[in-house]
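What follows is each chain in one-letter form.
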Amino acid sequence: MARPKPTVTPAGAARQAYRVAPGVAEAVARYVLPERLGFGLVTAPVMYRADWAEGEWGAGTLTPYGMIEIAPGARALHYSELVFEGLKAYRVGRDWPNLFRPLDNWRRLARSAERLAMPVVPEALFLEALDAVAGACAPVIPGRSGQALYLRPFLFGTESGYLLRNSTTFSFMVIANPVEAYASGALRVTIERADVRAAVGGVGATKAAANYAPSLRASSAALARGYTVALWLDAREHRLIQELSGMNLFAVFGGALHTPSLDGAILPGITRDSLIALARDQGLEVVERPLPIDELLAAIGDGRCSEVFACGTAAIVAPIGVLAEADGREHAPRAVDVVAARLREALLAIQERRAPDPHGWTRDVARPPAA
Ligand code: COI
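Here we summarise the structure given alongside this text. (Residues numbered from 1 in each chain as written. Predicted model: local features only at pLDDT ≥ 70, side-chain atom pairs only at ≥ 80, totals over all residues. Heavy atoms only, no water.)

Remarks on the packing of aromatic side chains
Turning to step 1, where the next piece is worked out: Per the counting criterion, the structure on display carries 11 aromatic pairs.
Turning to step 2, where the next piece is worked out: On the numbers, 5.1 Å between centres and 50° between planes, the contact of Phe84 with Tyr212 is tilted. Here the residue Phe84 occupies a position in strand β5 (residues 82-84), and Tyr212 occupies one in the loop between β10 (187-191) and α5 (216-224), the gap between them amounting to 128 residues.
Turning to step 3, where the next piece is worked out: The class of Phe84 is buried, set by a relative accessible area of 7%.
Turning to step 4, where the next piece is worked out: Of the residues examined, Tyr212 reaches a relative accessible area of 22% and is grouped as partly exposed.
Turning to step 5, where the next piece is worked out: Both rings, one in Phe250 and one in Phe309, keep their centres 5.4 Å apart while their planes meet at 15°; by these two values the pair is stacked. Taken together, the residues span a long stretch of sequence, with Phe250 in strand β13 (residues 248-253) and Phe309 in strand β16 (residues 305-312) at a distance of 59 residues. Grouping residues by exposure puts Phe250 and Phe309 together as buried.
Turning to step 6, where the next piece is worked out: Here the aromatic cluster, defined as three or more aromatic residues joined through ring pairs, consists of Tyr18, Tyr48, Trp57, Phe126 and Phe172. (Phe/Tyr/Trp six-rings, centres within 6.5 Å; stacked < 30°, edge-to-face > 60°. Helix = DSSP H or I, 4+ residues; strand = E, 2+ residues; numbered from the N terminus. Buried < 20%, exposed > 50% of the residue type's maximum accessible area, 1.4 Å probe, protein only.)

A few points about the packing of helix α3 (residues 102-115) against helix α4 (residues 123-136)
To characterise two packed helices, one gives the angle between the axes of the helices and the distance between these axes.
Turning to step 1, where the next piece is worked out: It is the contact of α3 with α4, at a shortest axis distance of 10 Å, that shows an interaxial angle of 125°. The pairing of α3 with α4 is recorded here as oblique in orientation. By crossing handedness, the relation of α3 to α4 is classed as right-handed. Contacts from Pro102, Leu103, Asn105, Trp106 and Leu109 in α3 reach Glu123, Phe126, Leu127 and Leu130 in α4.
Turning to step 2, where the next piece is worked out: Taken together, the residues that form the contact of α3 with α4 break down as 7 nonpolar, 1 polar and 1 charged. (Axes fitted to C-alpha atoms, helices over the stretch in contact; angles between N-to-C directions. Parallel < 35°, antiparallel > 145°, perpendicular 65-115°, else oblique. Left-handed = near helix turned anticlockwise from the far one by under 90°. Contact = heavy atoms within 4.5 Å. Nonpolar A, V, L, I, M, F, W, Y, C, P; charged D, E, K, R; others polar.)

Focus: unusual backbone geometry
Turning to step 1, where the next piece is worked out: A positive phi angle, near 55°, is found at Ser80, a position not held by glycine.
Turning to step 2, where the next piece is worked out: By the element assignment, Ser80 lies in the loop between α2 (75-78) and β5.
Turning to step 3, where the next piece is worked out: For His238, which is not a glycine, the phi torsion comes out positive at approximately 55°.
Turning to step 4, where the next piece is worked out: By secondary structure assignment, the location of His238 is in the loop between β11 (229-233) and β12 (241-244).

Observations concerning the pattern of salt bridges
Turning to step 1, where the next piece is worked out: In total, this model carries 23 salt bridges according to the counting rule given.
Turning to step 2, where the next piece is worked out: We note a salt bridge from Arg144 to Glu35, for which the minimum N-O separation is 3.7 Å. You can see Arg144 sitting in the loop between α4 and β8 (148-157) and its partner Glu35 sitting in the loop between α1 (24-29) and β2 (46-53), a full 109 residues away along the chain.
Turning to step 3, where the next piece is worked out: The closest approach of N and O atoms between Arg344 and Asp337, which form a salt bridge, is 2.8 Å. (Salt bridge = Lys/Arg side-chain N within 4 Å of Asp/Glu carboxyl O.)

Some thoughts on the site of the ligand
Turning to step 1, where the next piece is worked out: Taken together, Phe84, Gly86, Tyr150, Arg152, Tyr182, Lys207, Tyr212, Gly246, Thr313 and Ala314 are the residues near the ligand.
Turning to step 2, where the next piece is worked out: One of the side-chain N or O atoms of Tyr150 is found 2.6 Å from an oxygen atom in the ligand.
Turning to step 3, where the next piece is worked out: In the model, an oxygen atom of the ligand is placed 3.4 Å from a nitrogen or oxygen of the Thr313 main chain.
Turning to step 4, where the next piece is worked out: The fraction of the free accessible surface of the ligand (280 Å²) that becomes covered by protein chains is 87%.
Turning to step 5, where the next piece is worked out: Shared between two domains, the shell around the ligand takes at least three residues from each, and those domains are domain 1 (19-180) and domain 2 (187-351). (Near = heavy atom within 4 Å. Polar contact = N/O pair within 3.5 Å; in protein donor to acceptor, adjacent residues only side chain to side chain. Areas by Shrake-Rupley, 256 points an atom, 1.4 Å probe, with all protein chains shown as cover. Domains from an automatic or database assignment.)

A closer look at the pairing of strand β17 (residues 316-324)
Turning to step 1, where the next piece is worked out: Counting buried residues along β17, 9 of its 9 residues qualify, which places the element largely inside the surrounding structure.
Turning to step 2, where the next piece is worked out: One ladder, built from 4 bridges, connects β10 with β17; its direction is parallel. By the bridge assignment for β17, Leu187 is matched with Ile320.
Turning to step 3, where the next piece is worked out: As paired elements, β16 and β17 share 4 bridges and run antiparallel to each other. Pairing of Ala310 across the sheet is with Ala318, part of β17. (Pairing = 2+ DSSP bridges.)

Given below as structure tokens:
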């Protein structure tokens, strides 16, 4: 992925180290990790924040997790001037956590910010925030394989006002959640043929909050019908598969892995990119191409497509058990979690540092500066 050049805010001179607010050590010390984590249900005890005003970033602060104040007229609330990221800190069988491809998350956040003409968070500030939160939370990061500390960096416009232009003040925050995988068991997918998630030229290829609000009706309807997640098609013809809500899609055709080519409206998933590399490492052919939904369903029907699965930071690698139309007709791939399981284990073993990391994807969380 190309490294974007900041257009609004220069990466800036060396940053001053972040401030640690009173109560952080106590918040971590009294934190009790619940037995059931789910995904995003449990919050970590600390958070990080830095603010942007008059063209520059102020020093960051690590605080106990808590409510924030925001002007009711803030552009983030009214015009969805908010972009975010998702990545994990892993601590399986070790005392100190590591991250997975954090610079790719930084690059994607920078691209998202540029698309929305928001200030780019400098690389050093982004990494400082991740290190601060993951480092402080190290003792409470869950340690079973598949569990992690999910880090949610987000950048939002805080200026109040209805004039249709960018905010002049922004906040960058990182909150975190001890998590399990987003879903357990095989996903049950509804094919969304009416609503549209994102169109080419819009913000579908960025992690803008504005992508998610229009998708929630289909997600809620899927859940109400006993399904897990909605599958999105292209905005123009409702014919080509884009992605599942929050996940990219792969299908196994013979000995090859097919995935929709990035069309300008699909989110370029870091897990997607990692699986393409790992599949090729395992000798699998990977084909990125436009993938029509009707071709996929026909191929599931006649057995040319044996398996379908989803991937994402939250989902890791999740098998798909069934794809359903609005009228209830279901299409079930004959294999569930065969190739997916192999790739999931290869990915998790690297992420959790149980296997060598030939691509150099993992990075230790930096130790906090001496008090
Ligand atoms: C992630 O995988 O990090 C995501 O952002 C998915 C989330 C929308 C559940």
